Amino acid sequence: MTYSVIGTGAIGGLYGGRLMKAGREVNFLLHSDYDYVKANGLQIDSCDGSFHLDNVRAYRSTAEMPVADVVLVCLKSVNNHLLRDMLQPVLGENTVVVLIQNGIGLEADLQQVFPRLAIVAGLAFVCSGKVGPGHISHQCYGSINLGNFSCPQQKFHTLLADFREAGITAAEVPYALARWKKAVWNMPFNGMTVALNTSTDMLLKNPATRQLIYDQMMEVIGAAQALGVEGIDSTYADEMMAMTDAMVPYSPSMKLDFDNRRPMEIPYLYTRAIAEAAKVGFQMPKLAMLEAELRFIEALTIDRCKK
């Protein structure tokens, strides 16, 4: 299958790069580093083995890109309002769109825009960052869970096989379970690193914040259970705590966005999840407080930027 990557950053560059390295035809949408990548290619420094890609199929606009069998959307969810226009040129009758993004409700919203579109959720468990033009640093982990939202099963399994053949640890997970499992890590760590201006390791070294992180994880698990999601309980919170203990000190994507004065993914990462839980009578007080703190911090940052 042919692939297009919308958002060639830490995630799109890594997974798209691995697919290209494995021999798949991959088209990359680039913005600020288009000229650099066109001339110099992509460099992936990876804990699993570094590699360089020459002759990258680089594009400035989706209007210039060919129709693809699979489109990997790796934009921050704050830009999803742009997808209606961005996706149109690269969609064929049987194109599959994989949303490798954080949050709850992403696929349902895109399906409303494109009712016949085949959509898959991609939940990446990876420490990766873009450190320069055309330069991705993959520090640890790297697996991805794929949850089938509305994709024909045969095509979904072909996609899964392509990822695995490219050396990506990919697993099929029930859609709702995949989204809420990722939220167990994302909702506590993304927001807390911003609110307390710190990194993942420091949050877990302090007994008070370690307990708070765990309590927030349990709120996410409680919300998922209240919504009827099966296959998730407190043992998953224990697993995520152990995984993060073993992780290199890390600044999640929301912390990097905040540090670089970019909009934070509050709506899909917090607001939507809290609202969906409230619909079935489950409250998430600690995470609702964190959401309010993040909105205050973001508004304060915007005000300072205007001055």
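Predicted model only: the values in this text are computed from it and were never measured.

### Some thoughts on the state of the cysteines
Counting across every chain of the model gives zero disulfides. Of all cysteine sulfurs, the one in Cys 140 lies closest to Cys 47, which takes part in no disulfide; the gap is 6.3 Å. Owing to a relative accessible area of 43%, Cys 47 belongs among the partly exposed residues under this scheme. Of the cysteine sulfurs around Cys 140, a residue in no disulfide, the closest is that of Cys 127, at 3.4 Å.

### Topic: the nonpolar core
Counting 48 residues, the largest nonpolar core has Trp 180, Met 187, Met 217 and Tyr 270 as the members making the most contacts within it. Mapped by element, the contributors of at least two residues to this core are β8 (118-132), α6 (175-195), α7 (200-205), α8 (207-226), α9 (234-246), α11 (266-279) and α12 (285-306). Take this core: its biggest share by element is eleven residues, from α6. Ignoring sequence-local partners within four residues, the contact set of Met 217 consists of Val 184, Trp 185, Pro 188, Phe 189, Ala 237, Met 240 and Met 241.

### Describing the side chain of Asn 80
Structurally, the position occupied by Asn 80 is in the loop between β6 (68-73) and α3 (83-87). Using a relative accessible area of 14% as the deciding quantity, one classes Asn 80 as buried. Aside from chain neighbours lying at most four places away, what touches Asn 80 is Gln 101, Leu 106 and Tyr 268.

### Description of the environment of Ile 104
Considering the arrangement of structural elements, one finds Ile 104 in the loop between β7 (91-100) and α4 (106-113). Sequence-wise, Ile 104 and Tyr 270 are 166 residues apart; in three dimensions their C-alpha atoms are separated by 8.2 Å. If we ignore the near neighbours within four places in the chain, the residues touching Ile 104 are Arg 179, Trp 180, Ala 183, Tyr 268, Arg 272, Ala 273 and Glu 276.

### Digging into the packing of aromatic side chains
In this structure the tally under the stated criterion is three aromatic pairs. Considering the side-chain rings of Tyr 15 and Phe 163, the 6.4 Å spacing of their centres and the 45° angle between planes classify their relative orientation as tilted. Linking Tyr 15 in helix α1 (residues 10-21) with Phe 163 in helix α5 (residues 153-165), this pair joins segments that are 148 residues apart in sequence. A residue is classified by how much of its surface remains accessible, and Tyr 15, at 1% relative accessible area, is buried.

Criteria and cut-off values
Residues numbered from 1 in each chain as written. Predicted model: local features only at pLDDT ≥ 70, side-chain atom pairs only at ≥ 80, totals over all residues. Heavy atoms only, no water. Disulfide = S-S within 2.5 Å. Buried < 20%, exposed > 50% of the residue type's maximum accessible area, 1.4 Å probe, protein only. Core = buried A, V, L, I, M, F, W, Y, C linked by side-chain atoms within 4.5 Å. Helix = DSSP H or I, 4+ residues; strand = E, 2+ residues; numbered from the N terminus. Contact = heavy atoms within 4.5 Å. Phe/Tyr/Trp six-rings, centres within 6.5 Å; stacked < 30°, edge-to-face > 60°.

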